[in-house]
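# Survey of secondary and tertiary structure
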Protein chains: 2
Amino acid sequence: VSVKRAEIRAPAVRRRRGELRVALLGFGHVGRAFARGLLGPYREALASRKLRLRVVGVATRVHGAAVDARGLDLTQCLARVEAGGCLASLHRGAPLPSALAFVRSVPADVLVELTSLDPLRGEPATTHLRAALSRGLHVVTANKGPVAFAWSELKRLARRHRCELLHEGAVMDGTPVFNLVSRCLPGCRILGFRGTLNSTSSHVLTRMEEGASLEAAVREAQAAGIAEADPRADLSGWDSAVKGCTLANVLMGATVRPREVRRRGIVRIQPETVRSAIERGRRIRLVVRGSRLGRRIRVRVAPEEIPLGDPLSTRGSDAALILQTDLMGEIGVYERGGNVEQAAYAIFSDLATLASLGAITGRGWPRSREAT
Amino acid sequence: VSVKRAEIRAPAVRRRRGELRVALLGFGHVGRAFARGLLGPYREALASRKLRLRVVGVATRVHGAAVDARGLDLTQCLARVEAGGCLASLHRGAPLPSALAFVRSVPADVLVELTSLDPLRGEPATTHLRAALSRGLHVVTANKGPVAFAWSELKRLARRHRCELLHEGAVMDGTPVFNLVSRCLPGCRILGFRGTLNSTSSHVLTRMEEGASLEAAVREAQAAGIAEADPRADLSGWDSAVKGCTLANVLMGATVRPREVRRRGIVRIQPETVRSAIERGRRIRLVVRGSRLGRRIRVRVAPEEIPLGDPLSTRGSDAALILQTDLMGEIGVYERGGNVEQAAYAIFSDLATLASLGAITGRGWPRSREAT
């Protein structure tokens, strides 16, 4: 009910040509880096493609929410949230009792979903996406959860409502993975993949190679902002399993869910094991693999010994993914670092895609056979 | 004169919708691998995009040439050339006294340029491309020469005649490099790059790490079909310099030519140097770098010590390229192997691009700011 009212009360705002009205759900590290991008680094790129992004809503978990159809002042939003304050006084319209009310009422073209994920259920992101697509909003998300847990349902929903559901940031931040396959490997079938995709594990194993204990390495990674306060989803391989399902579902047409993944993490890895591998010219990394077994697609996660020189023998928090294709053999992509700016760029990239799809009414990409 | 006649004498052939008429200039390893692809692996991919590629001409250096507007029988072409025979009896039309006459008369939509290159001058490929573009043919080439030596001229020519000039295979075969930047990194400026792009050098250095001498390693690489009979362009860094210019010109908007590249090859590298690096956990690789110095763009080639775990510490004939971007930090692409099928896929990929550009009349790619 409050939904309709919010829309009605919003002042009449003319949409300009080449403008995309954006709602940000989640304003943590990535959301704020994206906002800072809009205020600075993205400006030239947007101007050169005559694209205007107007942020009409920002909703946070603990700093309130604000909606303004005329566009929010991002400098103010950033200042308030970073000072621990509240966005409520920037809000124009009916009260927003919940994140879902925000999704259902914000006068946007696209919902950018950036809430933190319950890794075991893929929520609340999946619920938010369902609500957004159902009311005809395009969706951009850096959350791998919805794609891993509810891909076929959300894809159907998007198709029914003629919306785009973009998620380049779900794996390896803004490094082209899904776009690489759908735009740059025409005709290729993805036969399998292998990757080191969990930056916490890679960072911890790198430090253990240098002599640290698992516990000390985790504490360091937490202090450096690489590992979460609760690192269990990373070290247990769950995060890698979710990413593996995302890749298998989108790139290989699978319907695998994280619980079906055979998974072994790095929690019980001993420092001696890590160092003995290094002495033999090898490196232990947490590897996620996707492969076809007849008509079934299997995803596995386990620590593996990687020969130095193999593209998966990454250092620090670098990530690498190798794709096995039918027509082009093995190719890989690599991301150095993996910072919030690189995660924020995934959002920018998906919004640029949306803008260009709008211009060509969604047709014309040289899509690969199994891409979305 | 013979040009016009060849076109007039060809039997009237109706062009079908979704069909691209292809002329192959050069029918060596890559051209024949592409032909074998059309007879097998590419079929499903072409059918799924309702695209028909009709090869209407094949010209070789020593096995003659054949043009048939109704389409050539590729099985026959392959059999004849591989048996050391001649294509002439398959030819329908006026005599073709030269490769240039072929380019000027073949009744095609696109010229696929695959002749072997004089690496010092970028010829005859550049002349062929000029002739093709001037008569309104699209061009697909796996030759890096024209892009390194005559990029701005050819680009202008293509624009004037409303033709596409595609060259994904010029660097790292069919691995997305140019398409990656233009389609998957919207808004990104390429600040610099570094890569190990010469498979002969990488292969030779890998074997030297294992104890072989430079000479023995080169002979092995020649026997394995990786190195050319004359490996000087590879070992001297010239091939890397040409690739570096190609990357700098297309991705960074430079106008650098191979002679302007500061270049050191691996000819004088001692086995002890290679092995002592390995003992210190490092690997010597021939690296090409592009960087901005104020408004100038510089390309350099030199052997460098790469720490193991760095994406450039590739093994065997694998290739890797790291791009430094403004908005997305450092990302990389990697190619395993580098065989003729991967080179042939570049041609397939460019032809798929042409087909899709035709469908959307050339607009709508989310191009990067400095891509072509």
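Residues numbered from 1 in each chain as written. Chains lettered and ligands numbered in written order. Predicted model: local features only at pLDDT ≥ 70, side-chain atom pairs only at ≥ 80, totals over all residues. Heavy atoms only, no water.

### Section: the overall build of chain A
- Helix and strand content of chain A: 14 helices and twelve strands.
- For chain A, whose C-alpha radius of gyration is 21 Å, the value lies close to the compact-globule estimate of 21 Å for 372 residues.
- Seen along its three principal axes, the alpha-carbon backbone of chain A occupies a region of about 70 × 45 × 40 Å.
- Counting the 372 residues in chain A, one finds 59% classified as buried.
- Across chain A, contacts joining residues at least 24 apart in sequence account for 71% of those joining residues at least 6 apart.
- When the accessible area of chain A is evaluated, it comes to approximately 15,000 Å², of which 49% is carbon and sulfur surface. (Helix = DSSP H or I, 4+ residues; strand = E, 2+ residues; numbered from the N terminus. Rg over C-alpha atoms; globule rule 2.2 N^0.38 Å. Buried < 20%, exposed > 50% of the residue type's maximum accessible area, 1.4 Å probe, protein only. Contact = heavy atoms within 4.5 Å. Areas by Shrake-Rupley, 256 points an atom, 1.4 Å probe, with all protein chains shown as cover.)

### A closer look at the relation of the copies chain A and chain B
- You can overlay chain A on chain B at an RMSD of 0.0 Å; the transform is a turn of 180 degrees with a shift of 0.0 Å along its axis. This pairing of chains is accounted for by a two-fold axis. When C-alpha distances to the rotation axis are compared across chain A, the minimum falls at Val333(A), with a value of 2.3 Å.
- In this assembly, 100% of the residues forming the interface of chain A have copies in chain B that are likewise at the interface, indicating an isologous arrangement. (Least-squares fit on C-alpha atoms with pLDDT ≥ 70 in both.)

### Things to note about the packing of helix α6 (residues 125-134) of chain A against helix α7 (residues 145-160) of chain A
All names here are of chain A.
- Contact geometry for α6 and α7: axes closest at 10 Å, N-to-C directions at 10 degrees. The angle between α6 and α7 places the two elements in the roughly parallel class. Within the contact between the two elements, α6 uses Ala125, Thr126, Leu129, Arg130, Leu133 and Ser134 and α7 uses Pro146, Ala150, Glu153, Leu154, Leu157 and Ala158.
- Grouping the amino acids of the contact of α6 with α7 by side-chain chemistry returns eight nonpolar, two polar and two charged. (Axes fitted to C-alpha atoms, helices over the stretch in contact; angles between N-to-C directions. Parallel < 35°, antiparallel > 145°, perpendicular 65-115°, else oblique. Nonpolar A, V, L, I, M, F, W, Y, C, P; charged D, E, K, R; others polar.)

### Considering the nonpolar core
- Formed by 225 residues in total, the largest nonpolar core has its most connected members in Phe34(A), Leu251(A), Leu351(A), Phe34(B), Leu251(B) and Leu351(B).
- When residues no more than four places from it in sequence are discounted, the contact partners of Leu351(A) are Leu20(A), Val22(A), Phe34(A), Leu53(A), Val110(A), Val112(A) and Val140(A).
- One finds Val287(A), Leu312(A), Leu312(B) and Tyr334(B) within the second-largest nonpolar core, a separate group that totals twelve residues. (Core = buried A, V, L, I, M, F, W, Y, C linked by side-chain atoms within 4.5 Å.)

### Quick notes on the sheet that holds strand β1 (residues 19-25) of chain A
Residue and element names in this part refer to chain A.
- If you trace the six strands from one edge of the open sheet to the other, you get β3-β2-β1-β4-β5-β6, paired in mixed fashion. Taken across any chain shown, the strands that pair with only one partner, and hence form the sheet edges, are β3 (65-67) and β6 (165-166).
- Pairing of strand β2 (residues 52-59) with β3, which is carried by three bridges, proceeds in the antiparallel orientation. Each residue of the ladder has a partner; that of Val58, found in β3, is Ala66.
- Where α6 meets the sheet, it contacts β1, β4 (110-113), β5 (138-141) and β6, and its direction lies at approximately 175 degrees from that of β4. (Pairing = 2+ DSSP bridges.)

### As for the confidence of the model for chain A
Residues and elements named next belong to chain A.
- Here chain A shows a mean pLDDT of 89. Residues at 70 or above account for 91%.
- Low pLDDT, under 50, characterises residues 1-12; the predicted model gives this stretch 14 contacts beyond four residues in sequence or across chains.
- Across residues 359-372, where pLDDT falls below 50, the model places 52 contacts with residues more than four positions away in sequence or in other chains. (pLDDT = per-residue confidence, 0-100.)

### What to know about the pairing of β1(A)
Residue and element names in this part refer to chain A.
- Where burial is concerned, most of β1 is hidden: seven out of the seven residues are buried.
- Residues of β1 alternate between two faces, with Glu19, Arg21, Ala23 and Leu25 on one and Leu20, Val22 and Leu24 on the opposite face, all of them buried.
- Here β1 runs beside β2; their pairing, made up of seven bridges, is parallel. Within β2, the position partnered with Leu24 by the bridge is Val58.
- As paired elements, β1 and β4 share four bridges and run parallel to each other. When the sheet's bridge partners are listed, Leu25 is paired in β4 with Glu113.

### Here we look at unusual backbone geometry
- Residues Glu123(A) and Pro124(A) are joined by a peptide bond in cis, for which omega reads 0 degrees.
- Tracing the sequence through the fold places Pro124(A) in the loop between β4 and α6.
- Residue Asp173(A) is not a glycine yet carries a positive backbone phi of 50 degrees.
- Relative to the elements of secondary structure, Asp173(A) occurs in the loop between β6 and α8 (178-184).
- Judged by relative accessible area, Asp173(A) falls into the buried class, the value being 17%.
- With a phi angle near 50 degrees, Arg162(B) is a residue other than glycine that sits in the positive phi range.
- Considering the arrangement of structural elements, one finds Arg162(B) in the loop between α7 (145-160) and β6 (165-166).

### What to know about the packing of aromatic side chains
- According to the stated counting rule, one finds six aromatic pairs over all chains in the structure shown.
- Among the aromatic residues, ring-to-ring pairing joins Phe34(A), Tyr42(A), Tyr345(A) and Phe348(A) into one connected group. (Phe/Tyr/Trp six-rings, centres within 6.5 Å; stacked < 30°, edge-to-face > 60°.)

### Focus on the packing of helix α9 (residues 199-209) of chain B against helix α10 (residues 214-223) of chain B
Residues and elements named next belong to chain B.
- It is at 9 Å that the axes of α9 and α10 come closest, and there the two elements cross at 130 degrees. Judged by the inter-axis angle, α9 sits oblique to α10. You can see that α9 and α10 cross each other, and the crossing is right-handed. Within the contact between the two elements, α9 uses His203, Val204, Arg207 and Met208 and α10 uses Leu214, Ala217, Val218, Glu220 and Ala221. (Left-handed = near helix turned anticlockwise from the far one by under 90°.)

### Re the interface of chain A and chain B
- Contacts between the two partners involve 54 residues from chain A and, on the opposite side, 54 residues from chain B.
- Buried surface at the junction of chain A and chain B, summed over both partners, amounts to about 4,200 Å²; 61% is from carbon and sulfur atoms.
- Taken as a group, Leu327(A), Met328(A) and Tyr345(A) account for 15% of the area that chain A buries against chain B, more than any other trio of residues on that side.
- In this assembly, chain A and chain B are joined by six salt bridges. (Buried area = accessible area lost by both parts, 1.4 Å probe. Salt bridge = Lys/Arg side-chain N within 4 Å of Asp/Glu carboxyl O.)

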